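# Commentary on secondary and tertiary structure
Chain residues, written in single-letter form:
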Amino acid sequence: MAVAQLTLDPAYTIAPVDRRLFGSFVEHMGRCVYTGIFEPGHPSADADGLRGDVLDLVRELGVTTVRYPGGNFVSGYRWEDGVGPRGDRPRRLDLAWRALESNAFGLNEFMRWSSLAGVEPMMAVNLGTRGIEAAAELVEYCNLAEGTAASDLRRKHGVAQPHDVRLWCLGNEMDGPWQIGSLTADEYGRLAARAGHAMRRVDPSIELVACGSSNSDMPTFAAWEATVLEHAYDQVDYISLHSYYDPEKHDEASFRASAVDLDGFIDNVVATADHVRAKLRRQKRIKLSLDEWNVWYQSRFTEPEDRAIEELPALIEDDYNGTDAVVVGNLLISMLRHADRLTVGAQAQLVNVIAPIRTRAGGEAWRQTIFHPFAHTARLARGTVLRPALTSPDMTTGRFGEVPSVDAVATHDEESGALTLFLVNRGTEPVPLAVDLRAFPRHRLREHLTLSAEKPELTSVPMSDGDEILLPPVSWHALCLTPEESR
Ligand code: AHR
């Protein structure tokens, strides 16, 4: 049986683990908000209608940052509709999903939910049907203490303290023809620069994310990023990436190796951003925000035009299996591997809509298979990302040719001494793993968390010295090691 050989050395560092990598996304789409995180009258809901059972799972998932309110939804959204007395809020037709939006849940409810969930909010502004003024006023409403029309309006709405939102997305997928108000790269780049400029005049300390391409298959991919950044380089801190992986779009082996695609996508965006940096002769480096990523059975999706208008459509409530969880675990490995440039992530979405957490209206909330690799990577990835030296048997894929079956990354928490190895075997043969810890002589393997296509439920195996590590076909693993003296 071909063996994978992995060597770890603390000198092979990539970057510190940025906790923002473990973000998620709440969009007014389907049942993510309504009957997802918000359901007045649910047995677990508080006086504001926030579901306590979902909050518990969100905390367990270990999400650090949550992007809101869209997604495609934001490109037709008036944020003013969702603030102030509920009885005065308009009922609107949401053009993104052709759904009825009651506006019973809005900005201040989201901020209260974020603080209960212990997450940092990441707001998106509408650059589809709106523009500079509405974006700047939203920053004013959120971040100024008092004494201006928008900040005093927030106070009138019963929120005395500013929300102090740091991270802002300048629109959503503005290159996509499906986007309400989509733009060319020149149009969007100029608008993003001007909106960012105005928003920073309100609060110079905010961090801005420009829209990259909606995915790497877009015909304008890379040219879009280059043009947008040529316009907005000085105003923005991040360029966004969105990447969904459909289990039914290509051959199965290519799906299992989706992280190969994500690796290439990230590398290409870094190269493009650095090309603009060179061209403009700037010192600053643009960081990356992978603010939508996941497994999505996209070929089963019904376009909004082909659906009737509904209030709570059950949109893209995909059920996930063990293979999907292994792919999610591998995408997280790819993200950590790029921690030197990729510092913000948001799995799309958090509840019900292609989500790790599902709910029944009036009923229970539960974890999907993809919950586990996310929760344990978010919990265990601490300190500094290390690049392991790895040799692995290859597997054959339709899209990428021969690729290594085993993929891995490690993190080392210098403070606690904890060393964690995140691994996948994305091939269909079992692979024995030999780990060389010559630079960590006192570290011992304590725990082995795993799941696989065959056994999608998370299993924790206590480990002792000398135990053989076998990576079953299509499996995800977290190997936890600690130094002997801290036992
Ligand atoms: O997450 C679902 C949708 O996918 C988002 O609204 C959009 O940004 C993307 O195309």
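Just so you know, these numbers come straight off a predicted model, no measurement behind them.

## Comments concerning the sheet that holds strand β3 (residues 23-25)
Strands in a sheet are paired, the pairing made by backbone hydrogen bonds, and the direction either parallel or antiparallel. The strand order around the closed barrel built from 8 strands is β3-β4-β7-β8-β9-β10-β11-β12, with neighbouring strands paired in parallel fashion. Across this sheet, the average inter-strand angle for adjacent strands is 30 degrees, counted without regard to direction. Here strand β8 (residues 167-170) pairs with strand β9 (residues 207-210) via 4 bridges, running parallel. By the bridge assignment, Leu-170 is partnered in β9 with Ala-210. Against the sheet, helix α5 (residues 185-202) contacts β7 (120-125), β8 and β9, and its axis sits at roughly 150 degrees relative to β8.

## Describing the domain arrangement of the protein
In terms of domain boundaries, the protein breaks down into domain 1 (4-10 + 385-486) and domain 2 (18-380). Spacing between the C-alpha centres of domain 1 and domain 2 amounts to 31 Å. Facing the 32 residues of domain 1 at the interface are 26 residues of domain 2. Taken together, the two surfaces of domain 1 and domain 2 that pack against each other cover about 2,500 Å², and 70% of this comes from carbon and sulfur. Looking at the side of domain 1 facing domain 2, the largest losses of area belong to Arg-399, Arg-426 and Trp-476, adding up to 24% of the total buried there. Summed over the shared surface of domain 1 and domain 2, the result is 2 salt bridges.

## With respect to the pairing of strand β12 (residues 342-348)
Consecutive side chains of a regular strand alternate in pointing toward one face of the sheet and then the other. The element β12 is extensively covered by neighbouring structure, given that 7 of its 7 residues are classed as buried. Where β3 meets β12, 3 bridges bridge the pair, whose relative direction is parallel. Bridge pairing links Ser-24 to Gln-347 in β12. With 4 bridges joining them, strand β11 (residues 287-295) and β12 adopt parallel strand pairing. Residue pairing across strands places Leu-288 opposite Leu-342, the latter belonging to β12. Where the polypeptide runs from β11 across helix α9 (residues 322-337) and back to β12, its parallel neighbour, the crossover connection is right-handed.

## Here's the deal with the sheet that holds strand β21 (residues 431-436)
Read across the open sheet, the 4 strands follow the order β16-β1-β21-β24; overall the sheet is mixed. Both outer strands of the open sheet, β16 (389-391) and β24 (469-471), are each paired with one neighbouring strand and no more. Each neighbouring strand pair of the sheet contributes to a mean axis angle of 25 degrees, computed without reference to strand direction. Inspection of the sheet shows strand β1 (residues 4-7) paired to β21 by 4 bridges, in the parallel sense. Note that in β21 the partner of Ala-4 across the bridge is Leu-433.

## Topic: the site of the ligand
Neighbouring the ligand are the residues Phe-25, Glu-27, Met-29, Gly-71, Asn-72, Trp-97, Asn-172, Glu-173, Tyr-244, Glu-292, Trp-296 and Gln-349. Asn-72 places a main-chain nitrogen or oxygen 2.9 Å from an oxygen atom of the ligand. Between the ligand and Glu-173, the relevant distance is 2.7 Å, taken from an oxygen atom to a side-chain nitrogen or oxygen of the residue. Alone, the ligand offers 280 Å² of accessible surface; in the complex the protein occludes 95% of this. Each residue belonging to the shell around the ligand can be placed in one class, and the counts come to 5 nonpolar, 4 polar and 3 charged.

Rules and cut-offs
- Residues numbered from 1 in each chain as written.
- Predicted model: local features only at pLDDT ≥ 70, side-chain atom pairs only at ≥ 80, totals over all residues.
- Heavy atoms only, no water.
- Pairing = 2+ DSSP bridges.
- Helix = DSSP H or I, 4+ residues; strand = E, 2+ residues; numbered from the N terminus.
- Axes fitted to C-alpha atoms, helices over the stretch in contact; angles between N-to-C directions.
- Contact = heavy atoms within 4.5 Å.
- Domains from an automatic or database assignment.
- Buried area = accessible area lost by both parts, 1.4 Å probe.
- Salt bridge = Lys/Arg side-chain N within 4 Å of Asp/Glu carboxyl O.
- Buried < 20%, exposed > 50% of the residue type's maximum accessible area, 1.4 Å probe, protein only.
- Right-handed = clockwise from strand over helix to strand, strands pointing away.
- Near = heavy atom within 4 Å.
- Polar contact = N/O pair within 3.5 Å; in protein donor to acceptor, adjacent residues only side chain to side chain.
- Areas by Shrake-Rupley, 256 points an atom, 1.4 Å probe, with all protein chains shown as cover.
- Nonpolar A, V, L, I, M, F, W, Y, C, P; charged D, E, K, R; others polar.

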